[in-house]
Structure formats: structure tokens, C-alpha cells
Amino acid sequence: MTDYSNIDVAFSPASLMLLNAILAGMIFGVSLKLTRADFVRVIRQPRAPLAGLLAQFVLLPAGTCLATALLQVPPELALGMILVASCPGGSFSNVMTWLSKASVPVSVSMTAVSSLAAIVMTPLNFSIYGHLNPLTRPLLRDISLDPLNLIALVALVLVLPLILGMAVGGRYPTLAERADRPMRIFTLFVFLLFVVVAFANNWDNVVRFAAQILILVAAHNIFALTLGYSAARLLRLPTDERRAVTLEVGIQNTALGLSIIFTFFPESGGMMLIAGFWSFWHLLAGMTLALIWSRREGPQHV
């Protein structure tokens, strides 16, 4: 069995605070233009959000658990994949949805609802499917992960910034309009820089395991995108909503995944590699898909 223990993922308290601040900043930036109407839309027009949330929080983690168990994926890598599958949609999916001429309102609503749902669903799915997979169960048992601590972390870096972002955006709409795109780009750049530095510190190991990790990450991401598209197609959603759901399910909040890994699994190099490679791959795959769709006819809702 491959040993990933020599990959140094232990970060100083200051680095962990920086990562959590980056994640909170990304959610805050996304939330600046959120309004109550985005949540009301889920109630009034529930088909698209329900398709996405079903694929996001039910089918993806369950399918990931089953696939990693059947394929005998190494425990650390399998647990990393289950963790990524348990995270909500990533904030950059809204931009990719816009580029692909898809329904931005659907994407924004799903991002908002999934971020709130993550406070319960991310710890719940990670705990359930991490224990259901016989290969990853010993890792969770050794860590003795406290679900309440995990819930507290998710609330701190997702829910609190989302509420603050909505409050600031509602009070200062002009500022929110101006700051929305620059803040998205800045926080994404800083996060990717953070991951690059982490990879650079372990470059030999990154190169050593790159082929194996890339195959797993690419297959996992294709699976997520396919689930989103299939769920949307099954509910006979129009083209623009189908694209939005696909991208929302395929773009995961890997920043949250890395924050959880560095906080609760500081010795798990395999989990860090999975989440780190996901951070780059899903942006590349999502952007490629968005550009392909942008060249095809399809209504764009803004």
C-alpha cells in the first residue's frame, strides 16, 4: 500500500487562519449580491435547485463511497474523494455558468442554499460515507473526529460570511456591485496561490503521485458533472438550467475541503493531494465545458 505520510500537510496556526480567511472571503464575495429573492426562487421554482441538491448531497457522496470501495482506492485517497464529494458547490460556478450562457439565477440560488445546507450535510455525509467504506473507516476511527467541531468550522467559514455578505450587500448595493467581480477574482487567485505554495513544499511527492491522483480526480469530476447533467435531464429542465445544475455539481468547494483536512487530518498527505489537484482540475474542466457551451445556442438568464 502506498505511504503518503511523508507529505507535509501540517500548517502553522497562522497558515490555517489564512486559509480559513480566504475561504470566508470567497463566500463573502459571492454573498454580496445575494438577496432573499434568491432563496424564495428555490421555493417558487424548485425543480432545478432540487435536481442539483439531490445530485450534490445525495448521489455524489453515495456514488463516491461505492466507487472507492469497489475499486479498492487507497484509504487516504478514498477519504479525500469522499470529503470533496461531501462539500457544497464552489463559488466560481456562478461565473462559469454566466460564461456558458446558462441560468445564473439558478446557479446563484443553488450556491446560496447548498452553502447553508453544508453546515449539516457536509459533516453528515463525510461521517456516514467515511464509515460505510470499510477501507476508510479505520482512518476516521483513529482520528475520532468530533462532528460538532466540524459543524462549527463549516458554520464559521461558510454560513457566517454568507450572512455578513448579504447584510453588507443589502445595505450598500452600489459597493456590492463594484466589489463583486474583483473580490471573486482576488480570493480565487489567493487561494490558488496558497495551494501552489503547499504543492511547492512537497514538489517531489506531487510529481511522484501526479499520474495516479490526476486519473482519480479527473474521473471523479467527470462523474460529478455527469450526475448533475443527468439529474437535470431527468427532470426535463431547459438547456440553460441544465447547464447551471451541471456546473454547480461539478465545481466543488475544495477550499472548504482543504480547510477540513488541515484542521482535522494534518498528517493525511493523500487527502491533501486529492483536494489540491481538485482545486485546479475542476476549474480547468468547468471552464472548458463553459467555453464549449458558450459557442452553442442557448438562452442566457441574468
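Source: prediction; values computed, not measured.

Caption draft 1: View of the overall build of the protein chain. Assigned secondary structure in the protein chain consists of 13 helices and 0 strands. Counting from the amino terminus, helix and strand elements in the protein chain follow one another as α-α-α-α-α-α-α-α-α-α-α-α-α. Computed over C-alpha atoms, the radius of gyration of the protein chain comes to 18 Å, within 12% of the 19 Å expected from 2.2 N^0.38 for 302 residues, which places it in the range of a compact globule. For the C-alpha atoms alone, the extent of the protein chain along its principal axes is close to 50 × 40 × 35 Å. Counting over 302 residues, the protein chain shows a buried share of 55%. Restricting to contacts in the protein chain with at least 6 residues of sequence separation, those with at least 24 account for 88%.

Caption draft 2: View of the confidence of the model for the protein chain. Residues at a pLDDT of 70 or more form 90% of the protein chain, whose mean pLDDT is 83. Least confident of the elements in the protein chain is helix 9 (residues 173–200), whose mean pLDDT is 76; most confident is helix 4 (residues 75–86), at 94.

Caption draft 3: Spatial organisation of the environment of leucine 70. Take leucine 70: it is sitting in helix 3 (residues 47–70). In this structure the C-alpha to C-alpha distance between leucine 70 and asparagine 133, which are 63 residues apart in sequence, comes to 9.3 Å.

Procedures and definitions
Here the residue index of a chain counts from 1 through its sequence in written order. Whole-chain, interface and lining totals are the exception, using all residues; otherwise, since this is a predicted model, local features are given only for residues with pLDDT of at least 70 and side-chain atom pairs are given and counted only at 80 or more. To obtain the side-chain values, all non-hydrogen atoms of the structure were used and water was disregarded. Going along the chain from the N terminus, every DSSP run of H or I of four or more residues is numbered as a helix, and every run of E of two or more is numbered as a strand. Atoms counted for the radius of gyration: C-alpha only. Globule rule: 2.2 Å times the number of residues to the power 0.38. Think of it in three bands: residues with accessible area under 20% of the maximum for their type are buried, residues over 50% are exposed, and the middle band is partly exposed, with areas taken using a 1.4 Å probe on protein chains only. Contacts between residues were defined by any pair of non-hydrogen atoms, one from each residue, lying within 4.5 Å. By definition, pLDDT measures how confident the predictor is in each residue, and it falls between 0 and 100.

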